[in-house]
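Take a look at the letters that make up each chain.
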Amino acid sequence: MSNLYLVLFLFPFFLLIQQQWCLQLLANVDDGFVRVNGAHFTLSGAPFYANGFNAYWLMDVASNPSQRSKVISAFQEAVNSSLVIGRTWAFSDGGSNALQYSPGVYNENMFQGLDFVISEGRRFGVKLILSLVNNFNDYGGKSQYVQWANERGQQLQNEDSFFTDPMVKGFYKNHIKTILMRRNTITGVMYKDDPTIMSWELINEPRCPSDISGATIQNWISEMACYLKSIDGNHLLEVGLEGFYGASSSQKNPNNAPHGTDFIANNQIPEVDFATMHSYPDQWLPNRDNDVQLHFMQRWIYDHIKDAQEVLQKPIVFSEFGISLKQPGDNIHQKDQLFNMIYSSIYRSARAYGAAAGGLFWQQLVQGMDSYKDGYEVILTEPSSTVSLISQQSKRLRLTWMRYLTKKNDKAKQTNRNISSF
C-alpha cells in the first residue's frame, strides 16, 4: 500500500481519536468550577451569566447553630428569585467573636459557620465569592492587621502599612493559606477544591490615600494574587475594586477623586481573572440631585463595560450597588431606577455575548434581622417594586445563560452523532 493510500485509510481513525480527545477535555472542564474564557465566564462549557446578592453576615450568623435557619432562608429566597451568586465575608479579624482572634489563631465555631455557608451554597446551587479582608474597620480590616504588627514591636504609623510592611503581609498570607487549605467539616472538601466557591476576593474595596499614584496597591495586588494562585489553581480571583480609575483618569471618578487604585492597571495583572465595580450614587454624590446621580451612573456603567470588553478583555461583575432608604425623603423609585439601569446594561451586554456578567445588589436580609438593616437592605419575601425588578431581571439573565448552555449541549450531541457515523 502506498504512503498516500495509507494516509487516506488511516485519516478517519486519526480524526476519531482527535474528536474523542477533545470531548474528553470538555468533560474534564465540566467539573462545576466557574472559569474564564477571554471576556466571559464559563460554566459547564457554556458562557455563564447570572445575578446575585451580597450577604456579608452569613458566616457570622451561621456560627450560632440556632440561627442557621436564616442562612437557609437566604439561599432559598435567593434561588427563588433566580439569584445564584452570593458574595460574603471569609474574614472577621480581632475581637471576642472573630474568625481570627490574632494572627494565626482561629475560632473553630466561626470557621464551622463558614463551613455551613459553603455547604448550603452547594446544596442550593449558589456560587460564592468569598472576600478575605476588609479595607475598612468593620470586622477588623487592614487597621487590625497593622495593630497586630505594632503589638509585636513594629512602629507603623499608618493603616496603609497593611500594603507594604513585611510582617503584616506575612499575617495576611497566612490567612489566605489557612482559608484555602481549610477542610470543610460538613462536606469533607478542602475550600481550594470546592467548586461551590466561584472566586476569592483579595480585599473589600481597597483604597490607599497615602499613595494616590497607585503603585503601592498595584504591587500588593500582584504579590498577593501570585501567592494565592500558587496554592489554588482551581478558583478565579478578583481584587474587590470599586472601579475607581487611576490618577491619570481620575476625571472619570466621582468628584474626580483618586483613591490609590486603578481599574485598568489593577485588573491587567495576569493572575486577576475578572474585574469588579461598585455603584453607590447616594454616597459618592451626596449633594447632587437624582438626575445628576443617574447621569453619572449611566456613564460609569458604560465606561466600565467598554473597558472590560475592549481593554481588559475580561469579564466584569457589578459586585455591589444600591441606594439607601434610611433617611426621610429617600425614594424607592430612585432605587428602582438605579437597579433597572444596572440590570438592563448587564442584560444587553449578555445578549450580545459581552463582558458584563452579572450584578450583586447590596444587601440581602431575611425576616428577623432588624439589627443588620442599613437602609440598603432588600428582603425578598417582602413585596415591593424593587423585589419584583430583581426577580424579573434575574430570571431573564438566567434564561440567557440557559440558551447558551442549550446551544453548547446541542453542538456536543451533533459532534457525538458525527463520531458515531464513522
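Provided above is the structure to which this section pertains.
Reading the values: rules and limits
Residues numbered from 1 in each chain as written. Predicted model: local features only at pLDDT ≥ 70, side-chain atom pairs only at ≥ 80, totals over all residues. Heavy atoms only, no water. Helix = DSSP H or I, 4+ residues; strand = E, 2+ residues; numbered from the N terminus. Buried < 20%, exposed > 50% of the residue type's maximum accessible area, 1.4 Å probe, protein only. Contact = heavy atoms within 4.5 Å. Areas by Shrake-Rupley, 256 points an atom, 1.4 Å probe, with all protein chains shown as cover. Pairing = 2+ DSSP bridges. Axes fitted to C-alpha atoms, helices over the stretch in contact; angles between N-to-C directions. Salt bridge = Lys/Arg side-chain N within 4 Å of Asp/Glu carboxyl O. Right-handed = clockwise from strand over helix to strand, strands pointing away. 1 Å grid on protein atoms, 1.4 Å probe; cavity = no way out; pocket = protein on both sides within 12 Å on 5 of 7 lines; lining within 4 Å. Points joined across faces, edges and corners; volume = space filled by probe spheres on them. Nonpolar A, V, L, I, M, F, W, Y, C, P; charged D, E, K, R; others polar. Parallel < 35°, antiparallel > 145°, perpendicular 65-115°, else oblique. Left-handed = near helix turned anticlockwise from the far one by under 90°.

A. Looking closely at the overall build of the protein chain. For the protein chain, the helix and strand inventory stands at 12 helices and 15 strands. Counting every position in the protein chain, which comprises 422 residues, the buried fraction comes to 55%. A sequence separation of at least 24 residues applies to 75% of the contacts in the protein chain between residues at least 6 apart. Surface exposure of the protein chain reaches about 17900 Å², of which carbon and sulfur atoms provide 51%.

B. Here's a closer look at the sheet that holds strand 10 (residues 236-238). Taken in spatial order, the 8 strands line up as 10-9-8-5-4-13-12-11 in an open sheet, and their pairing is parallel. The sheet is open, and its two edges are formed by strand 10 and strand 11 (275-279), each paired on a single side. Sheet twist, expressed as the mean angle between neighbouring strand axes with direction ignored, is 25°. Pairing between strand 11 and strand 12 (residues 316-321): 5 bridges, direction parallel. Its bridge partner being in strand 12, T276 is matched across the sheet by V317. Strands strand 11, strand 12 and strand 13 (356-361) of the sheet are contacted by helix 10 (residues 290-312), whose axis makes an angle of about 180° with strand 11.

C. Structural detail: the environment of Q147. As for its position among the elements, Q147 is in helix 5 (residues 141-151). A C-alpha to C-alpha distance of 9.7 Å links Q147 and F162, two positions 15 residues apart in sequence.

D. Inspection of unusual backbone geometry at higher detail. With an omega of -10°, the peptide bond running from W362 to Q363 counts as cis. Among the secondary structure elements, Q363 is positioned in the loop between strand 13 and strand 14 (364-365). A positive phi angle, close to 60°, is found at N255, a residue other than glycine. By the element assignment, N255 lies in the loop between strand 10 and helix 8 (263-267). Positive phi, normally seen in glycine, also occurs at N256, with a value near 60°.

E. Main features of the pattern of salt bridges. Under the definition given, this model contains 16 salt bridges. With its nearest N and O atoms 2.7 Å apart, the salt bridge here joins E320 to R87. Remark: R87 occurs in strand 5 (residues 85-89) and E320 occurs in strand 12; sequence separation between them is 233 residues. K169 is paired through a salt bridge with E223; the nearest N and O atoms lie 2.9 Å apart. Here K169, found in helix 6 (residues 166-180), pairs with E223, found in helix 7 (residues 215-231); they are 54 residues apart in sequence, far enough to count as distant. Owing to a relative accessible area of 15%, K169 belongs among the buried residues under this scheme. Through salt bridges with shared partners, one network takes in R87, E201 and E320.

F. Molecular detail of the pairing of strand 9 (residues 197-201). A large share of strand 9 lies buried, amounting to 5 of its 5 residues. In this structure, strand 8 (residues 127-131) lies alongside strand 9, joined through 4 bridges in parallel fashion. Of the residues in strand 9, the one forming a bridge with L128 is I197. Relative to strand 10, strand 9 runs parallel, the two being bridged by 3 bridges. Across the sheet, E201 pairs through a bridge with E238, a residue of strand 10. Taken together, strand 9, helix 7 and strand 10 constitute a β-α-β crossover, and its handedness is right-handed.

G. Broad picture of the layout of surface pockets. The calculated volume of the largest pocket comes to roughly 340 Å³. Considered class by class, the residues forming the lining of the largest pocket number 8 nonpolar, 3 polar and 6 charged. Estimated volume of the second largest pocket: approximately 240 Å³. Around the second largest pocket, the lining comprises 13 residues; the ones closest to its centre are Y302, I305, K306, S345 and S349.

H. Structural detail: the pairing of strand 5. Most of strand 5 is tucked away: 5 of the 5 residues are buried. Alternating residues of strand 5 divide into I85, R87 and W89 and G86 and T88, and every residue in both groups is buried. Of the strand pairs in this sheet, strand 4 (residues 52-54) and strand 5 are connected by 3 bridges, and their pairing is parallel. Bridge pairing links F53 to G86 in strand 5. Pairing of strand 5 with strand 8, which is carried by 5 bridges, proceeds in the parallel orientation. For T88, the partnering residue across the bridge sits in strand 8 and is L130.

I. Inspection of the packing of helix 3 (residues 68-80) against helix 4 (residues 108-124) at higher detail. Here helix 3 crosses helix 4 at 30°, and the two axes come no closer than 10 Å. Taken together, helix 3 and helix 4 sit at an angle that is classed as roughly parallel. Here helix 3 runs over helix 4; the crossing is right-handed. On helix 4, the residues that touch R68, V71, I72, F75, Q76 and V79 of helix 3 are Q112, G113, F116, V117, E120, G121, R123 and F124. For the contact of helix 3 with helix 4, a count of residues per class yields 7 nonpolar, 4 polar and 3 charged.

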